[in-house]
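The lines below spell out each chain.
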Amino acid sequence: MTTNEKIAALRAAAQAAGAHGVLLMTSDPHSSEYLPAYYNSLPFFSGFTGENSTLVVTLTGSALWCDGRFYVQGDRQLAGTEIECMHAGSAGVPTVAEYLENHFGAGDTLLLDGSCVPATIANGYAAALAKSGAKLESKDIVSPLWESLATRPSLPNTPCELLTVEQTGATAAQRIAMVRDELKKAGATALAVTGLDCVGWLLNLRAMDIQCTPYAMSYCYVTPERAVLFINTARLGEEA
């Protein structure tokens, strides 16, 4: 299946959902810099394999933003496709927000998977769309489409281990106590720990879910009385 055919499939899926476009970006629910393959949909749909990029598909066109590390790579990998390579930060190149404002009109809707887009970024896009009377909606049309077109990579499921206090300098219990002290100072009652590095630090938890990055896909929720780890418990050995 060619890149143009995949972009056409994205466009058709957006239309089937009653929308006028879809946005994909290099991100996962943890706002990770490096992604597990399960969440990295951009290379599959665009053919571009660089990092830190955003793809917008409208009913009439498509564009991909890459930073200065990937200008040459982007031009080469997108050559021959309908996708316009946007050199983010270059003179005369619109930002994603500016592009959205100019390519969506009154009553139009742009879809994105809100679980994989930080709120600050999504709010900026929503504000840009609102200038032209369009709106942003959180709806994941990419996952079912990807899974219908190819074998999507599985969620990471590598074995987890706990580092020792000799390796880290503190136990998980000591770090949780530190967090509770900070919650009290802030007048807060709970902390949702969503960054994989933060979960790893808090609990001394390690895995190899991301290449060259020893983290486990997980969340932790800390209150004055409880600390709850959200993870596939089958990955945890007896010690963990």
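Below you will find a few notes about this structure. Here the residue index of a chain counts from 1 through its sequence in written order. Predicted model: local features are reported for residues with pLDDT of at least 70 only, side-chain atom pairs are reported and counted for 80 or more only, and whole-chain, interface and lining totals are derived from all residues. Here the side-chain values reflect all heavy atoms present in the structure, with hydrogen atoms and water set aside.

1. Description of the packing of helix α4 (residues 96–103) against helix α5 (residues 119–130)
Argument step 1. Relative to each other, α4 and α5 sit at 30 degrees, their axes nearing to 8 Å. Viewed along their axes, α4 and α5 adopt a mutual orientation that is roughly parallel. Relative to α5, α4 is oriented so that their crossing is right-handed. Along the contact surface, α4 presents Val96, Ala97, Leu100 and Glu101, while α5 presents Tyr125, Ala128 and Leu129.
Argument step 2. All residues other than Ala, Val, Leu, Ile, Met, Phe, Trp, Tyr, Cys, Pro, Asp, Glu, Lys and Arg, Gly among them, are scored as polar; the first ten of these are nonpolar and the last four charged. Its residues assigned to classes, the contact of α4 with α5 comprises six nonpolar, no polar and one charged. What counts as an axis is a line fitted to C-alpha atoms, over the stretch in contact for a helix, and the angles between N-to-C directions run from 0 to 180 degrees. To qualify as a helix, a DSSP run of H or I must reach at least 4 residues; to qualify as a strand, a run of E must reach at least 2; elements of each kind are numbered from the N terminus. If an angle is under 35 degrees, it is roughly parallel; if it is over 145, roughly antiparallel; if it lies from 65 to 115, roughly perpendicular; otherwise it is oblique. A crossing counts as left-handed when the near helix is turned anticlockwise from the far one by less than a right angle, and as right-handed when that turn is clockwise. Contacts are assigned to residue pairs that have any heavy atoms within 4.5 Å of one another.

2. Brief notes about the nonpolar core
Argument step 1. What is meant by a nonpolar core is a set of buried Ala, Val, Leu, Ile, Met, Phe, Trp, Tyr and Cys residues, joined one to another through side-chain atoms within 4.5 Å. Partly exposed describes any residue whose relative accessible area lies between the buried limit of under 20% and the exposed limit of over 50%, with all areas from a 1.4 Å probe on protein chains only and scaled to the type maximum. Counting residues in hydrophobic clusters, the biggest one holds 26 residues, and the most contacted among them are Leu10, Leu24, Phe45, Leu55 and Leu64.
Argument step 2. When residues of this core are assigned to their parent elements, the largest contribution, five residues, is made by helix α1 (residues 3–16).
Argument step 3. If we skip the residues at most four places from it in the chain, Leu10 touches Val22, Leu24, Phe45, Leu55, Val57, Ile141, Val142 and Leu145.
Argument step 4. Counting residues in each nonpolar core, the second largest holds 17 residues, with Phe104, Leu112, Tyr125 and Ala134 among its members.

3. Quick word on the packing of aromatic side chains
Argument step 1. Pairing of aromatic side chains requires ring centres within 6.5 Å, counting the rings of Phe and Tyr and the six-membered ring of Trp. Pairs whose planes differ by under 30 degrees are stacked, by over 60 edge-to-face, and all others tilted. Overall, the coordinates contain five aromatic pairs when judged by the stated rule.
Argument step 2. Summarising the aromatic geometry, the rings of Tyr38 and Tyr39 are spaced 4.9 Å apart at their centres and angled 90 degrees between planes, so their arrangement reads as edge-to-face.
Argument step 3. Measuring from ring centre to ring centre gives 4.9 Å for Phe44 and Phe45, while their planes differ by 85 degrees; the resulting arrangement is edge-to-face. Each member of the pair, Phe44 as well as Phe45, carries the same accessibility label: buried.
Argument step 4. The structure contains a cluster of three or more aromatic residues connected by ring pairs, namely Phe44, Phe45 and Trp146.
Argument step 5. The ring of Tyr38 is capped by Arg152, whose NZ or CZ atom sits 3.7 Å from the centre of that ring. A positively charged side chain is recorded as over a ring if its NZ (Lys) or CZ (Arg) lies within 6 Å of the ring centre. The angle to the ring normal must also be within 35 degrees.

These values are about where atoms sit, not about what they do.
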